[in-house]
Amino acid sequence: PVAYRLAQDYRARAALVAGHAASAARDHGTAATHYERAAAHFARDPDGWFRAARAARRAGRFPDAKRLLAEAERRGHPADPIELERDLILVQQGVIGTADARLRATVGPTHPDAALVLEALARGYMLAERWADARKGCEMWRALEPNHPWPWHWE
């Protein structure tokens with residue numbers, strides 16, 4: 001039993017490391033899979049569920065993102081990042097509504113998630129065919145992350 005538990009812990013930690021590596025390589029689908037595997041093992045850790053939800057959203061796996069985000073919330077993850085991620089899920093799907101105005105008003109250039117917000121806004125604006133807004137989002141994103149290829153490509 002002890003050896004089995006140690007092996008399970010090792011696999012979960014390896015999944016977490018693999019998730020970080022996939023995320024750094026911008027392979028968000030793979031990252032989400034690894035993060036979810038790690039979160040399931042360390043089930044009481046709300047950050048793991050949140051990390052998995054964010055990666056799933058970035059990969060465009062919205063039903064998974066919503067499910068994982070609900071689990072993070074159930075496990076006690078702070079409310080503000082949960083609400084931000086819910087807005088990002090909507091916006092990234094092109095459901096702009098009032099979420100984009102809320103995001104632009106609450107997340108400034110010094111916010112730690114500013115690049116993620118600009119990524120979701122750019123994707124959503126493209127889906128909604130709001131080309132000027134998409135271009136502006138890409139410009140702002142490039143200012144924050146000049147070496148990231150996506151805003152250059154999308155613009």
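Residues numbered from 1 in each chain as written. Predicted model: local features only at pLDDT ≥ 70, side-chain atom pairs only at ≥ 80, totals over all residues. Heavy atoms only, no water.

Structural notes on the confidence of the model for the protein
- Of all residues in the protein, 100% have pLDDT values of 70 or greater, and the mean over the chain is 91.
- When pLDDT is averaged over each helix and strand of the protein, the minimum, 85, is found for helix 6 (residues 99–106) and the maximum, 96, for helix 4 (residues 62–74). (pLDDT = per-residue confidence, 0-100. Helix = DSSP H or I, 4+ residues; strand = E, 2+ residues; numbered from the N terminus.)

A word on helix 1 (residues 2–24)
- With 23 residues, helix 1 ought to run about 33 Å at 1.5 Å a step, and its terminal C-alpha atoms sit 33 Å apart, in line with that.
- Buried residues of helix 1: Asp9, Ala12, Ala15, Gly19 and Ala22, and no others.
- Lining the buried residues of helix 1 we find helix 2 (28–41).
- Following helix 1 by one or two positions, Arg26 has its phi on the positive side, about 65°. (Expected span 1.5 Å × (residues − 1). Buried < 20%, exposed > 50% of the residue type's maximum accessible area, 1.4 Å probe, protein only. Contact = heavy atoms within 4.5 Å.)

Concerning the pattern of salt bridges
- The full count for this structure, using the stated rule, is 17 salt bridges.
- Arg54 serves as the salt-bridge partner of Glu85, at 2.9 Å between the closest nitrogen and oxygen. A residue pair is termed long-range when its members are at least 10 positions apart, and Glu85 in helix 5 (residues 79–92) and Arg54 in helix 3 (residues 46–58) qualify at 31 residues.
- Judged by relative accessible area, which is 0%, Glu85 ranks as buried.
- Since its relative accessible area comes to 14%, Arg54 is described here as buried.
- When the shortest N-O distance is used, the salt bridge between Arg86 and Glu83 registers 3.1 Å. Linking Arg86 with Glu83, this pair stays in helix 5, spanning three residues, or about one helical turn.
- According to the relative accessible area criterion, Glu83 is partly exposed, its value standing at 42%.
- Ionic contacts of the salt-bridge type, sharing partners, join the residues Glu36, Arg61, Asp64 and Arg67 into one network. (Salt bridge = Lys/Arg side-chain N within 4 Å of Asp/Glu carboxyl O.)

Focus on the packing of aromatic side chains
- Summed over the entire model, instances satisfying the criterion amount to two aromatic pairs.
- Here the aromatic rings of Trp141 and Trp154 are separated by 5.4 Å at their centres, their planes lie at 55°, and the arrangement is tilted. Here the residue Trp141 occupies a position in helix 8 (residues 131–144), and Trp154 occupies one in helix 9 (residues 149–154), the gap between them amounting to 13 residues.
- Aromatic side chains Trp150 and Trp154 sit 5.7 Å apart centroid to centroid with 20° between the ring planes, which places their arrangement in the stacked category. In this pair, Trp150 and Trp154 are both assigned in helix 9, four residues apart and thus about one turn of the helix distant.
- Through a chain of ring-to-ring contacts, three or more aromatic side chains come together here, namely Trp141, Trp150 and Trp154.
- Above the plane of the ring of Tyr35 lies Arg51, whose end atom (NZ or CZ) is 5.5 Å from the centre. (Phe/Tyr/Trp six-rings, centres within 6.5 Å; stacked < 30°, edge-to-face > 60°. Lys NZ or Arg CZ within 6 Å of the ring centre and 35° of its normal.)

Quick notes on the nonpolar core
- Within the largest apolar cluster, 18 residues are counted, with the highest numbers of intra-cluster contacts made by Leu68 and Leu69.
- Sorting the residues of this core by element identifies helix 2, helix 3, helix 4 and helix 5 as the ones contributing at least two each.
- Per-element tally for this core: the top contributor is helix 3, with six residues.
- Setting aside residues up to four positions removed in sequence, Leu69 forms contacts with Phe50, Ala53, Ile82, Glu85, Arg86 and Ile89.
- In terms of nonpolar packing, the next biggest core, distinct from the first, is built from 13 residues, Val91, Leu103, Ala114 and Leu121 among them. (Core = buried A, V, L, I, M, F, W, Y, C linked by side-chain atoms within 4.5 Å.)

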